[in-house]
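Residue-level listing of the chains:
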Amino acid sequence: MPGEFIDIRVDAKVAKNATLARKLAEICPVSIFISPDEGSGDGIAIDESNLDECVLCDLCLQAAPKGKIKIVKLYE
Amino acid sequence: MRFYEYEAKALFQKHGLPLGQSKLIDNSSGAPNQARAAFKSLDCGPVVLKSQVLSGGRMKAGAVQFADTADEAGEAAKAILPIEVNGQKCRSILVEEKTPIEQEYFVAITWDGRAKRPVCVFSDMGGIDIEEVAEKNPEHVSKTHFSSILPLTPRIAKEAVGATGVSGSDLNKLAPIVFKLMQIFLKYDLTLAEINPLAKLKDGRFLVLDGHIDMEAEARGNHKALLDELGIGDEETRQGRPPTEFELAGARVNAADHRGVAGNVVEFDGNLGLVIGAGGGSLTLFDAIRDHGGEPANYCEIGGNPSMSKAKELTKLILSKPGVEKIAVMMNVVSNTRVDIVARGVIKGCLEAGKDPAETIAIFRIPGAWEEEGFKILEKYGVDYCDRTVSMYDAAGRAVAKMQS
Ligand code: SF4
């Protein structure tokens, strides 16, 4: 489920990439991504309750292959 | 952060200010016996017993009593114990020698916000309301500014005392006391150091009879050694009254998340909730609301880039206060707080409180970092907002007008 203001869409091609999932969990400053090491499965997992904390820093976009993660501003 | 009288006096004593003999007794059921024992051990004749509370009005409430014998001291302690002064319970009782007074003086060091310097207010008409003296007998009150940066010299204290016409040996005895108070004020980052009354005794000596100390709350860390020495714990907020449930809930909101500040609230009786802050903006905006005839439900401080959830929880708390109809979200121009994050927080707070943000947020005036993004969010939810071309004063006026329409 999206947040009130922000949604994050992950391309199916990288959704199961555990290395990327770990990297995202490490870099996101507001803990939107959950590391597979925390029992979230073997791919990219998102803490939906935290989506609206996104500070639009783009670090996740830079860490992922181009275009594979999208930050959607639901107010636009 | 306010000190009890006995703590203020302990600080004065540490710095050599002249004090009468005293004993502190606790607020237990054994206080009357302790008072009797204190009377005997002081062995100074008549005493005064003073309830230790953080509020003024002790004399009027009957929480200051006199005793000529040990038994009278016991009775006085028994009478003082249950008395609440402006909602404050007796923390302990100070038993102090009662001294024969010839004249009372007033001296206070505080900050003059307009002059941006400390000011020493001195009067040779102490023991009574200084504002009244200033109004009726202005020639008996001197105001002397001094620098908090340049070295402090005794000459400034002498000027302050002499300006009220005090001269000769009284001037020579009073000036060092005033000078020490100025030094204490600067050394401990105080916002108020007051002695009232400062008494001249019949034998020509001067004594500090009562004192008030307020320390800047932000400076507590710098003076931990002193606070430990005085037994003031980290958990003691030391405001003029105990915090309300609303204020405690605000402190919990603030403490739950380390990001930024949002939750330092002070409760008022009005109907307009305030989410305000930024570099003195809180005080300016609060005053502006009142100046326009509005009735704030709270004072608060937000800043330092609080998270969305912190702004949300603060909004929900303010909206949960009975009688609050709308909130005004206003700050000075912000550089270290994100406009869009605060916008998200207050809107989500309204939604989770079951309220329409467009109806509930009377005005949103936070210009600064990420304002375009913030304004997009506000537009989507139909919230009335303005940018920096609208002054804080005018924004407050818009909020008040909505409350009155
Ligand atoms: S843009 Fe930044 S804050 Fe938002 S999800 Fe990506 S890394 Fe996290």
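Residues numbered from 1 in each chain as written. Chains lettered and ligands numbered in written order. Predicted model: local features only at pLDDT ≥ 70, side-chain atom pairs only at ≥ 80, totals over all residues. Heavy atoms only, no water.

What follows covers the overall build of chain A. Counting its regular elements, chain A contains 2 helices and 4 strands. Tracing chain A from N to C terminus, the helices and strands come up as β-α-β-β-α-β. What you see for chain A is a C-alpha radius of gyration of 11 Å, in line with the 11 Å of a compact globule of 76 residues. Seen along its three principal axes, the alpha-carbon backbone of chain A occupies a region of about 30 × 25 × 20 Å. (Helix = DSSP H or I, 4+ residues; strand = E, 2+ residues; numbered from the N terminus. Rg over C-alpha atoms; globule rule 2.2 N^0.38 Å.)

With that settled, consider the confidence of the model for chain B. For chain B, mean pLDDT is 94; residues scoring 70 or higher make up 100% of the total. For this predicted complex, the interface confidence reaches an ipTM of 0.96, while the overall pTM sits at 0.71. (pLDDT = per-residue confidence, 0-100.)

Another point: the interface of chain B and chain A. With 17 residues of chain B at the interface, the matching set in chain A holds 13 residues. Both sides of the chain B and chain A interface together cover about 1,300 Å² of buried area, and 49% of this is carbon and sulfur. Looking only at chain B, the three residues that lose the most surface to chain A are Arg344(B), Lys348(B) and Glu373(B), adding up to 35% of its buried area. Taken together, the links from chain B to chain A amount to 3 salt bridges. The tally of links from chain B across to chain A stands at 10 residue pairs in polar contact (both at pLDDT 80 or more). (Contact = heavy atoms within 4.5 Å. Buried area = accessible area lost by both parts, 1.4 Å probe. Salt bridge = Lys/Arg side-chain N within 4 Å of Asp/Glu carboxyl O. Polar contact = N/O pair within 3.5 Å; in protein donor to acceptor, adjacent residues only side chain to side chain.)

Moving on: the packing of helix H6 (residues 154-162) of chain B against helix H7 (residues 168-187) of chain B. Residue and element names in this part refer to chain B. Relative orientation of the contacting elements H6 and H7 amounts to 120 degrees, with a least axis distance of 8 Å. In this view, H6 runs oblique relative to H7, as classed from their interaxial angle. Viewed along their axes, H6 and H7 form a crossing whose handedness is right-handed. Taken together, the residues of H7 that come into contact with H6 (itself represented by Pro-154, Ile-156, Ala-157, Lys-158, Val-161 and Gly-162) are Leu-171, Asn-172, Leu-174, Ala-175, Val-178, Phe-179 and Met-182. Class assignment for the residues of the contact of H6 with H7 results in 10 nonpolar, 2 polar and 1 charged. (Axes fitted to C-alpha atoms, helices over the stretch in contact; angles between N-to-C directions. Parallel < 35°, antiparallel > 145°, perpendicular 65-115°, else oblique. Left-handed = near helix turned anticlockwise from the far one by under 90°. Nonpolar A, V, L, I, M, F, W, Y, C, P; charged D, E, K, R; others polar.)

With that settled, consider helix H2 (residues 31-42) of chain B. Side chains of residues three or four places apart in an α-helix project in the same direction, reflecting 3.6 residues per turn. Residues and elements named next belong to chain B. Between the first and last C-alpha of H2 there are 16 Å, a value that for 12 residues agrees with the 16 Å anticipated at 1.5 Å per step. Those residues of H2 that sit buried are Ala-31, Pro-32, Ala-35, Ala-38, Phe-39 and Leu-42. Across the axial projection of H2, the buried residues extend over an arc of 115 degrees, all falling on one side. In H2, the exposed positions angled more than 90 degrees off the buried face are occupied by Asn-33 and Lys-40. (Expected span 1.5 Å × (residues − 1). Buried < 20%, exposed > 50% of the residue type's maximum accessible area, 1.4 Å probe, protein only. Arc of directions from axis to C-beta.)

Here we come to the site of the ligand. Residues and elements named next belong to chain A. Not every one of the 13 residues close to the ligand is listed here, only the nearest: Cys-28, Cys-54, Cys-57, Asp-58 and Cys-60. Taking a 2 Å distance to the grid points as the criterion, the majority of the atoms of the ligand fall inside the largest cavity. For the shell around the ligand, the class distribution of residues is 12 nonpolar, no polar and 1 charged. (Near = heavy atom within 4 Å. 1 Å grid on protein atoms, 1.4 Å probe; cavity = no way out; pocket = protein on both sides within 12 Å on 5 of 7 lines; lining within 4 Å. Sits in = over half its atoms within 2 Å of the grid points.)

Before going further, it helps to examine the packing of helix H11 (residues 308-320) of chain B against helix H12 (residues 339-352) of chain B. All names here are of chain B. The geometry of H11 relative to H12 is characterised by a closest axis approach of 7 Å and an angle of 40 degrees between their N-to-C directions. The orientation of H11 relative to H12 falls into the category oblique. Along this stretch, H11 crosses H12, giving a crossing that reads as right-handed. Residues Met-308, Ala-311, Lys-312, Thr-315, Lys-316 and Leu-319 of H11 pack against Ile-341, Val-342, Arg-344, Gly-345, Val-346, Lys-348, Gly-349, Cys-350 and Glu-352 of H12. A breakdown of the residues in the contact of H11 with H12 according to their chemical character gives 7 nonpolar, 3 polar and 5 charged.

In this section: the packing of aromatic side chains. Geometry of an aromatic ring pair is reported as the spacing of the ring centres plus the angle between the planes. Residue and element names in this part refer to chain B. Counted by the stated rule, this structure contains 8 aromatic pairs over all chains. Look at Trp-111 and Phe-185: their rings are 6.0 Å apart centre to centre, the planes differ by 45 degrees, and that puts the pair in the tilted class. Of this pair, Trp-111 sits in strand E5 (residues 101-112) while Phe-185 sits in helix H7, and the two are 74 residues apart along the sequence. Three or more aromatic residues joined by ring pairs form one cluster here, namely Tyr-105, Phe-122 and Phe-206. A cation over a ring is seen here: Arg-338 above Trp-370, with NZ or CZ 3.5 Å from the ring centre. (Phe/Tyr/Trp six-rings, centres within 6.5 Å; stacked < 30°, edge-to-face > 60°. Lys NZ or Arg CZ within 6 Å of the ring centre and 35° of its normal.)

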